[in-house]
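Examination of the molecular architecture
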Protein chains: 4
Amino acid sequence: MKSTINFRVRYQETDKMGIVHHSVYLIWFEMGRTEWLRQHGFTYRECEEKGWLLPVVESGVKYLNSARYDDLISIETIYIPEKGADFRFEYIARLENEGPILATGFTRHVCLANNNRIDKEATKQLKAIMN
Amino acid sequence: MKSTINFRVRYQETDKMGIVHHSVYLIWFEMGRTEWLRQHGFTYRECEEKGWLLPVVESGVKYLNSARYDDLISIETIYIPEKGADFRFEYIARLENEGPILATGFTRHVCLANNNRIDKEATKQLKAIMN
Amino acid sequence: MKSTINFRVRYQETDKMGIVHHSVYLIWFEMGRTEWLRQHGFTYRECEEKGWLLPVVESGVKYLNSARYDDLISIETIYIPEKGADFRFEYIARLENEGPILATGFTRHVCLANNNRIDKEATKQLKAIMN
Amino acid sequence: MKSTINFRVRYQETDKMGIVHHSVYLIWFEMGRTEWLRQHGFTYRECEEKGWLLPVVESGVKYLNSARYDDLISIETIYIPEKGADFRFEYIARLENEGPILATGFTRHVCLANNNRIDKEATKQLKAIMN
């Protein structure tokens, strides 16, 4: 139920404090979700092609240490099965695979189908694939 | 204790879902803080020139409605006085000044001085200015 | 044939060099185009709703001076009528309205209609509106 | 004199047209430079730690095909030795390693030393390392 990705901090992701801007972690977490889904047998691209969307309805991040340009980052993504319409992912950003934790966070999602409303059937099917 | 800014959604802020990417709200909230501080008699730029930094140590956002390209956005920023080392800001993003709420959120900060550690004296002085 | 917009540099737009990242100017130029079109009687949003797209097919920027956090920026956008399928815009980014030039640049566009191909009729109609 | 990097398009890099925003290529090219330098024996991080900066003084991009979310991208970076103060890099962005060209571009740089002025000695030393 978890997957890990690795990549380097881009120069553009830093700000004048010399560290990665706090908004960037949400982008990294999204990359984590993309790979979590791929490792669980389907891609978010296919998901959207089916007309299913998984927009973020809530996010939270705790920032513990700073990341710097060219640092090697790992993002661990964990899917938390929940009842009801919600999909929950949790994330741990680290410096390298075993290094200090940079940030922890979560996102909560719902599954919309083509009419842009929460879709019970799509939710059920998607949860069945993800579990 | 609150201030409001207005601006239009940039094309680059949208994603393939056709709406503003969820990470962008943290950037908008930061713009809100910048103007809150300016309206309360000093700028964050001066703050940094003094060697004080106010990094984000926690963020949270609830996404209620979608914003689209060229929409007129308002961000209301509220400073919440707290005990101890923490600075807390809360935000309401709306479509136009009276329109539906797009998102609500908060950020929590601490005040670092030049040695990059939480600085009690700087915290005290800054809180005195902000209250 | 020209229009000007003003705004402040966002913290997130800076990088660890302490200045605005060079990629940001393309985002600012796009904001300039948005307002140029609005001031000439229609919006790019309406344009897209008609099924017309104006993707960038070429961009060029010369960076002359650095912009910093909270600087007041002006972007002057000039539409350059050209023969054929091309639409050309030129831009001047300045510190404040009369300050030093930060960057100059251009973008070249074509007009696609719904089939995502260059559309002669849409090009002609759009050029007629813009001239 | 060339190096190649591979990565996937992030969701956040797309815009409402459903394709990668044109400003993102400059960020990808910068990643290409970072790896080019690493493969040639030093890192841009070390470069900055020495007090040398290589800001972009000019950029140009031609956009030929669209990149989409989750596409596998390759960026080929070529360093072009030049006389005088200039450093020039050229880039080819492709869909996968052998796929269609998405964009081509260049950036031109100068080498500043600590006083933020073009530094002849640093330029000479850096060019000697890079050639």
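Calculation criteria
Residues numbered from 1 in each chain as written. Chains lettered and ligands numbered in written order. Predicted model: local features only at pLDDT ≥ 70, side-chain atom pairs only at ≥ 80, totals over all residues. Helix = DSSP H or I, 4+ residues; strand = E, 2+ residues; numbered from the N terminus. Rg over C-alpha atoms; globule rule 2.2 N^0.38 Å. Buried ≥ 20, exposed ≤ 12 C-beta atoms within 10 Å, placed from the backbone. Contact = placed C-beta atoms within 7 Å. Pairing = 2+ DSSP bridges. Axes fitted to C-alpha atoms, helices over the stretch in contact; angles between N-to-C directions. Least-squares fit on C-alpha atoms with pLDDT ≥ 70 in both. Nonpolar A, V, L, I, M, F, W, Y, C, P; charged D, E, K, R; others polar. pLDDT = per-residue confidence, 0-100. Arc of directions from axis to C-beta.

1. A word on the overall build of chain A
Along chain A, the regular secondary structure elements total three helices and five strands. Beginning at the N terminus, the succession of helices and strands in chain A can be written as β-α-α-β-β-β-β-α. In summary, chain A has a C-alpha radius of gyration of 16 Å against a globular reference of 14 Å for 131 residues, a match within 12%. Along the first, second and third principal axes, the C-alpha atoms of chain A reach 45 × 25 × 25 Å. Of all 131 residues assigned to chain A, the portion counted as buried reaches 37%. In chain A, the share of contacts with a sequence separation of at least 24, taken over all contacts with a separation of at least 6, comes to 66%.

2. Points about unusual backbone geometry
All names here are of chain C. Within the chain, D70 stands out as a residue other than glycine whose phi angle is a positive 75°. In this fold, D70 is placed in the loop between β2 (56–63) and β3 (72–80). Looking at D70, the number of C-beta atoms within 10 Å reads 18, which means it is partly exposed. Residues other than glycine seldom take positive phi values, yet E96 does so here, at roughly 55°. Tracing the backbone shows E96 in the loop between β4 (87–95) and β5 (101–109). Under the C-beta neighbour-count criterion, E96 is labelled exposed, with 11 such atoms within 10 Å.

3. Regarding the sheet that holds strand β4 (residues 87–95) of chain A
Reading across from one edge, β1(A)-β3(A)-β4(A)-β5(A)-β2(A)-β2(B)-β5(B)-β4(B)-β3(B)-β1(B) is the order of the ten strands in this open sheet, with antiparallel pairing throughout. Of all strands in the sheet, those bounded by a partner on one side alone are β1 (2–8) of chain A together with β1 (2–8) of chain B. Averaged over all pairs of adjacent strands, the angle between their axes in this sheet comes to 15°, without regard to strand direction.

4. Some remarks on the relation of the copies chain A and chain B
When chain A is fitted to chain B, the residual RMSD is 0.0 Å, and the transformation amounts to a turn of 180° plus an axial shift of 0.0 Å. This pairing of chains is accounted for by a two-fold axis. Among all residues of chain A, the minimum C-alpha distance to the rotation axis is found for G60 of chain A, at 2.1 Å. Of all interface residues in chain A, 100% are interface residues in chain B too; the two copies therefore contact each other through one and the same surface.

5. Details of the relation of the copies chain B and chain D
In screw terms, the move from chain B to chain D is a rotation of 180° and a rise of 0.0 Å along the axis, fitting with an RMSD of 0.0 Å. Interface residue correspondence from chain B to chain D reaches 100%, placing this contact among same-surface, isologous pairings.

6. Details of the interface of chain B and chain D
Reports of interface size often rely on the accessible area that becomes lost once the parts have come together. Taken together, the contact between chain B and chain D spans nine residues of the former and nine residues of the latter. Residue classes in the side of chain B that touches chain D are distributed as two nonpolar, five polar and two charged.

7. Notes on the interface of chain A and chain B
Between chain A and chain B, the residue contacts involve 15 residues of the former and 15 residues of the latter. At the level of secondary structure, the elements contributing two or more residues to the side of chain A that touches chain B comprise α1 (24–39) and β2 (56–63) of chain A. Looking at which element gives the most residues to the side of chain A that touches chain B, the answer is β2 of chain A, with eight residues. Residue classes in the side of chain A that touches chain B are distributed as nine nonpolar, four polar and two charged. Alignment of β2 of chain A against strand β2 (residues 56–63) of chain B, held across five bridges, turns out to be antiparallel. Looking at β2 of chain B, one finds that G60 of chain A is bridged to G60 of chain B.

8. Comments concerning the pairing of strand β5 (residues 101–109) of chain B
Residues and elements named next belong to chain B. Pairing of β2 with β5 involves seven bridges; the strand directions are antiparallel. Residue pairing across strands places S59 opposite T107, the latter belonging to β5. Linking strand β4 (residues 87–95) to β5, which pair antiparallel, is a turn of five residues; within it E96 sits at a positive phi near 55°.

9. Examining the sheet that holds β4 of chain C
A sheet is described by the order of its strands in space; here ten strands give the open sequence β1(C)-β3(C)-β4(C)-β5(C)-β2(C)-β2(D)-β5(D)-β4(D)-β3(D)-β1(D), paired in antiparallel fashion. Single-partner strands in this sheet number two, and they are β1 (2–8) of chain C together with β1 (2–8) of chain D. Strand-to-strand twist of the sheet, defined as the mean angle between neighbouring strand axes without regard to direction, takes the value 15°.

10. Overview of the confidence of the model for chain A
Summing up the model confidence of chain A, the mean pLDDT is 95 and the portion of residues at 70 or higher is 100%. Scored as a complex, the prediction yields pTM 0.97 and ipTM 0.96.

11. What to know about the pairing of β5 of chain C
If a strand is regular, its side chains alternate between the two faces of the sheet. Two elements, β4 of chain C and β5 of chain C, share eight bridges in a ladder whose sense is antiparallel. Each residue of the ladder has a partner; that of R88 of chain C, found in β5 of chain C, is R108 of chain C.

12. Some thoughts on helix α3 (residues 120–130) of chain D
Residues and elements named next belong to chain D. The set of residues buried in α3 consists of A122, T123 and L126. Down the axis, α3 shows its buried residues gathered within 100° of arc, on one side only. Exposed residues lying more than 90 degrees from the buried face of α3 are K120, E121, K124 and A128.

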